[in-house]
There are 2 protein chains.
Amino acid sequence: MIRIGIVGYGNLGKSCQKLVEKTEDMKLVGIFSRREIKKDGFYKIENIEKFKDDIDVLILCGSSDKDIRVQAPLLIKNFNTVDSFDTHKNIPSYEEKMGKIAEENDKIAIISTGWDPGLFSIIRTYSEAILEEGKTYTFWGKGISQGHYAAVRNIEGIKDASQYTIPKEEFIKKIKNGENSEFSPEAAHIREVFAVAEEGYDKKELEEKIKSIPNYFDKYHTIVHFISQEELNKNHKGMPHGGKVIRVGQSPNQNQSTIELSLSLENNPDFTAAVNIAYARAAYNLKKENKKGAFTVIDIAPKYLLKETRQELIKKFI
Amino acid sequence: MIRIGIVGYGNLGKSCQKLVEKTEDMKLVGIFSRREIKKDGFYKIENIEKFKDDIDVLILCGSSDKDIRVQAPLLIKNFNTVDSFDTHKNIPSYEEKMGKIAEENDKIAIISTGWDPGLFSIIRTYSEAILEEGKTYTFWGKGISQGHYAAVRNIEGIKDASQYTIPKEEFIKKIKNGENSEFSPEAAHIREVFAVAEEGYDKKELEEKIKSIPNYFDKYHTIVHFISQEELNKNHKGMPHGGKVIRVGQSPNQNQSTIELSLSLENNPDFTAAVNIAYARAAYNLKKENKKGAFTVIDIAPKYLLKETRQELIKKFI
């Protein structure tokens with residue numbers, strides 16, 4: 001049994017908890033939070049060091065910049081860790097820092113798992129390795145964006161809202177036809193807003209206000225629907241997400257090849273948790289081979305993610 | 001420069017040749033064939049041992065059962081090899097055999113690369129690692145099948161033909177909707193035949209004959225079109241192929257996640273060659289780390305497939 005600890009108890013922490021409890025080769029030792037949660041199996045983060053001999057892998061479920069960036073370099077001294085650190089521009093320096101401390105302390109840190117970074121990083125790597133000449137496009141959605149939701153909610157007269165980012169079908173069609181389209185998030189996505197208006201406000205004016213929010217909406221094709229609070233609660237309060245990585249490449253004979261990975265997720269944190277847990281198993285398996293240091297998803301062979309023996313995996317998957 | 005040798009000069013060998021010549025970090029040392037080809041850089045396979053110090057990796061481009069199964073266990077004594085051995089049921093025993101000889105001779109054998117086995121094996125492995133509960137479906141096509149083409153050609157009155165295997169859209173829609181469909185090749189694919197009839201034969205009768213060929217067509221929904229030789233030559237003599245791997249999984253909270261990889265290839269051998277070449281680079285990189293033995297695609301971390309340093313890859317892809 002792989003003994004797992006969870007740090008942070010937001011959406012991702014809760015998804016990890018459910019999944020670890022259901023995973024045959026894992027056992028949940030404790031959930032560590034800054035808050036005091038008076039239930040069995042919950043501990044304050046200050047007391048985590050006492051568990052250093054009882055936990056094989058810690059899954060870090062906090063936010064990248066506020067939590068993981070601060071906690072991980074301390075925790076890695078006593079624990080093997082898996083995280084979904086996702087501030088793309090800071091990943092190289094974070095990797096370097098974690099690698100150094102992990103090596104000194106003979107620990108394993110698997111960083112930036114999840115779906116982007118994570119599964120999408122893997123697909124971008126394989127696709128470009130195979131189709132050296134070509135172009136890779138990453139699309140997000142259809143999915144909920146918290147930042148955009150908050151920007152809409154800030155408008156006076158808006159009672160509640162949800163916002164979806166959606167890849168443009170016509171843009172995808174073009175690139176698959178081999179047309180060399182210049183990618184920008186604005187050219188490749190539309191934004192759809194479902195909003196509830198307060199009484200006494202003009203919906204046309206509210207719509208214009210939403211569409212002109214700088215950066216979030218002003219450069220996008222944005223569609224706004226006004227609906228009732230009831231309908232919003234019923235149909236638009238989930239956490240769906242997804243996306244696509246598409247690489248269109250040319251062989252030396254000028255034949256086109258297209259590799260496309262699509263993700264469609266009814267619940268974003270549940271899927272991120274599932275990736276975290278597969279990599280927690282990888283951390284455990286790498287440790288058994290006496291490895292140490294920082295690893296990203298491109299450093300780890302697929303076989304480490306599963307509980308079956310290599311022979312069983314070859315038979316089942318190759 | 002990675003020094004490459006190619007064994008076999010059919011469609012795949014030719015695609016590999018073109019691609020190696022275009023690949024910056026590779027150099028083509030020679031092409032080895034059973035036939036005598038009187039051109040610079042071509043050699044008879046009997047003379048290959050002389051090149052053992054001049055070649056870093058040999059790419060084996062023959063057929064699985066007639067060529068690779070026989071040649072590879074001999075060649076691995078003197079060379080690192082990459083192949084696309086694709087007889088699924090024999091892969092475990094082939095892997096074991098190659099592993100033993102490769103270890104004894106301090107060589108690396110990367111077996112069963114390409115797209116299925118190969119890229120599809122990788123995706124099946126990742127998908128099941130992430131979505132432990134769920135079901136994986138593999139679809140082939142739209143693409144040309146040589147075996148089916150030959151079966152149609154054997155009918156008296158058929159002058160020429162092409163056959164496409166095509167995944168059924170409605171079946172794919174069903175499984176994405178989470179309906180638990182029982183997969184069988186017949187339920188999940190249709191077959192489309194483009195045929196040229198000899199003069200004086202009844203097309204209705206020919207169509208019936210095609211549709212009733214045992215195993216190849218009788219259990220499938222088959223569509224037959226009679227066209228002119230001219231049209232067949234113009235539109236149906238390419239080597240397109242492709243396919244899909246779809247995993248539909250459920251999280252512990254009963255949310256559905258779908259991972260889908262789609263390939264669309266204008267030229268099947270060109271793409272298989274591209275995968276072979278990426279793994280030839282992996283063989284070279286593994287050798288530099290003093291590894292030995294047999295490797296499948298699930299044993300190799302993505303970073304080994306590219307020429308950039310690990311730091312560059314993290315910056316670019318994560």
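Residues numbered from 1 in each chain as written. Chains lettered and ligands numbered in written order. Predicted model: local features only at pLDDT ≥ 70, side-chain atom pairs only at ≥ 80, totals over all residues. Heavy atoms only, no water.

## Regarding the UniProt feature "binding site: substrate" (unreviewed entry) in chain A
All names here are of chain A.
(1) Moving on: UniProt feature "binding site: substrate" (unreviewed entry): in the numbering of this structure it lies at Trp140, Thr165, Arg191, His241 and Asn268.
(2) Moving on: Mapped onto the secondary structure, Thr165 falls in strand β9 (residues 158-167).
(3) Moving on: Excluding residues within four positions of it along the chain, Thr165 makes contact with Trp140, Gly141, Lys142, Gly143, Ser145, His189, Ile190 and Arg191.
(4) Moving on: Mapped onto the elements, His241 comes out in strand β12 (residues 241-250). (UniProt positions renumbered as here; feature names shortened; annotations may be inferred. Helix = DSSP H or I, 4+ residues; strand = E, 2+ residues; numbered from the N terminus. Contact = heavy atoms within 4.5 Å.)

## Section: helix α4 (residues 119-130) of chain B
Side chains that are three or four residues apart share a direction in an α-helix, a result of its 3.6 residues per turn.
All names here are of chain B.
(1) Moving on: Helix length check: α4, at twelve residues, gives a terminal C-alpha distance of 17 Å against a target of 16 Å (1.5 Å per residue), a fit within 8%.
(2) Moving on: The element α4 is largely enclosed, with a buried count of twelve among its twelve residues.
(3) Moving on: Every buried residue of α4 is listed here: Leu119, Phe120, Ser121, Ile122, Ile123, Arg124, Thr125, Tyr126, Ser127, Glu128, Ala129 and Ile130. (Expected span 1.5 Å × (residues − 1). Buried < 20%, exposed > 50% of the residue type's maximum accessible area, 1.4 Å probe, protein only.)

## What about the sheet that holds strand β8 (residues 143-144) of chain B?
Residues and elements named next belong to chain B.
(1) Moving on: In spatial order, the strands read β8-β9-β10-β11; together these four strands make up an open sheet with mixed pairing. The sheet is open, and its two borders are formed by β8 and β11 (221-226), each paired with just one other strand.
(2) Moving on: Two strands pair when backbone bridges link them, and strand β9 (residues 158-167) and strand β10 (residues 189-197) are joined in this way by nine bridges, in the antiparallel orientation. Opposite Ile166, over in β10, you have Ile190 as the bridge partner.
(3) Moving on: The strands touched by helix α5 (residues 146-153) are β8, β9 and β10; relative to β9, the strand with the most contacts, the crossing angle is about 145°. (Pairing = 2+ DSSP bridges. Axes fitted to C-alpha atoms, helices over the stretch in contact; angles between N-to-C directions.)

## Structural notes on the nonpolar core
(1) Moving on: With 156 residues, the main nonpolar core has A:Ile110, A:Phe271, A:Tyr279, B:Ile110, B:Phe271 and B:Tyr279 as its most contacted residues.
(2) Moving on: Not counting chain neighbours up to four residues away, the residues in contact with A:Tyr279 comprise A:Val82, A:Ile110, A:Thr113, A:Ile122, A:Val297, A:Ile300, A:Leu305 and B:Tyr126. (Core = buried A, V, L, I, M, F, W, Y, C linked by side-chain atoms within 4.5 Å.)

## Focus: the sheet that holds strand β4 (residues 57-60) of chain B
All names here are of chain B.
(1) Moving on: As summarised here, the arrangement of the seven strands in space is β3-β2-β1-β4-β5-β6-β14, forming an open sheet in which the pairing is parallel. The open sheet has two edge strands with one neighbour each: β3 (42-44) and β14 (293-295). Across the sheet, the mean angle separating the axes of adjacent strands is 25° when strand polarity is ignored.
(2) Moving on: Relative to strand β2 (residues 26-33), strand β1 (residues 2-7) runs parallel, the two being bridged by six bridges. When the sheet's bridge partners are listed, Ile2 is paired in β2 with Met26.

## Details of the packing of aromatic side chains
All names here are of chain A.
(1) Moving on: In this structure the tally under the stated criterion is 25 aromatic pairs over all chains.
(2) Moving on: Seen from their ring centres, Phe171 and Phe183 are 6.1 Å apart, and the 75° between their planes marks the pair as edge-to-face. Of this pair, Phe171 sits in helix α6 (residues 169-176) while Phe183 sits in the loop between α6 and α7 (185-188), and the two are twelve residues apart along the sequence.
(3) Moving on: Ring-pair connections join several aromatic residues into one group, and the members of that group are Tyr137, Phe139, Phe171 and Phe183.
(4) Moving on: When the ring centre of Tyr164 is taken as origin, the NZ or CZ atom of Lys142, which lies over that ring, is 4.7 Å away. (Phe/Tyr/Trp six-rings, centres within 6.5 Å; stacked < 30°, edge-to-face > 60°. Lys NZ or Arg CZ within 6 Å of the ring centre and 35° of its normal.)

## Comments concerning the interface of chain B and chain A
(1) Moving on: With 68 residues of chain B at the contact, the number on the chain A side is 68 residues.
(2) Moving on: Summed over both partners, the interface of chain B with chain A buries about 6000 Å², with 60% contributed by carbon and sulfur atoms.
(3) Moving on: Where chain B meets chain A, there are 14 salt bridges.
(4) Moving on: When the shortest N-O distance is used, the salt bridge between A:Lys303 and B:Asp299 registers 3.9 Å.
(5) Moving on: Linking chain B with chain A are 34 residue pairs in polar contact (both at pLDDT 80 or more).
(6) Moving on: Among the secondary structure elements, those contributing two or more residues to the side of chain B that touches chain A are α1 (11-22), α3 (91-104), α4, β13 (256-265), α10 (268-288), β14 and α11 (310-317) of chain B.
(7) Moving on: Here the side of chain B that touches chain A is composed, by residue class, of 34 nonpolar, 17 polar and 17 charged.
(8) Moving on: As paired strands, strand β13 (residues 256-265) of chain A and β13(B) are joined by nine bridges and run antiparallel to one another. The residue of β13(B) that forms the bridge with A:Thr258 is B:Ser264. (Buried area = accessible area lost by both parts, 1.4 Å probe. Salt bridge = Lys/Arg side-chain N within 4 Å of Asp/Glu carboxyl O. Polar contact = N/O pair within 3.5 Å; in protein donor to acceptor, adjacent residues only side chain to side chain. Nonpolar A, V, L, I, M, F, W, Y, C, P; charged D, E, K, R; others polar.)

## Points about the pattern of salt bridges
All names here are of chain B.
(1) Moving on: Scanning the entire structure with this criterion turns up 50 salt bridges over all chains.
(2) Moving on: Note that Arg153 and Asp160 form a salt bridge whose closest N and O atoms lie 3.5 Å from each other.
(3) Moving on: Relative accessible area serves as the criterion here: at 34%, Arg153 is assigned to the partly exposed category.
(4) Moving on: Close ionic contact of Lys204 with Glu207 constitutes a salt bridge, the shortest N to O distance being 3.8 Å. Placement of both Lys204 and Glu207 in helix α8 (residues 203-211) is noted, with a separation of three residues, approximately one turn of the helix.
(5) Moving on: By relative accessible area, Lys204 is classed as exposed at 57%.

## A closer look at the side chain of A:Ser262
(1) Moving on: Note on placement: A:Ser262 falls in strand β13.
(2) Moving on: Among the residues examined, A:Ser262 registers a relative accessible area of 10% and is labelled buried.
(3) Moving on: Here A:Lys244 takes part through its side chain, which lies 3.2 Å from a polar atom of the side chain of A:Ser262.
(4) Moving on: Residues contacting A:Ser262, with those up to four places away along its chain left out, are A:Gly243, A:Lys244, B:Thr258, B:Ile259 and B:Glu260.

## Observations regarding the pairing of β1(B)
Residue and element names in this part refer to chain B.
(1) Moving on: The buried fraction of β1 is high, at five of six residues.
(2) Moving on: Taken together, β1, α1 and β2 constitute a β-α-β crossover, and its handedness is right-handed.
(3) Moving on: As judged from the four bridges shared by β1 and β4, these two strands associate in the parallel manner. Residue Val7 lies in a different strand from β4, and its bridge partner there is Leu60. (Right-handed = clockwise from strand over helix to strand, strands pointing away.)

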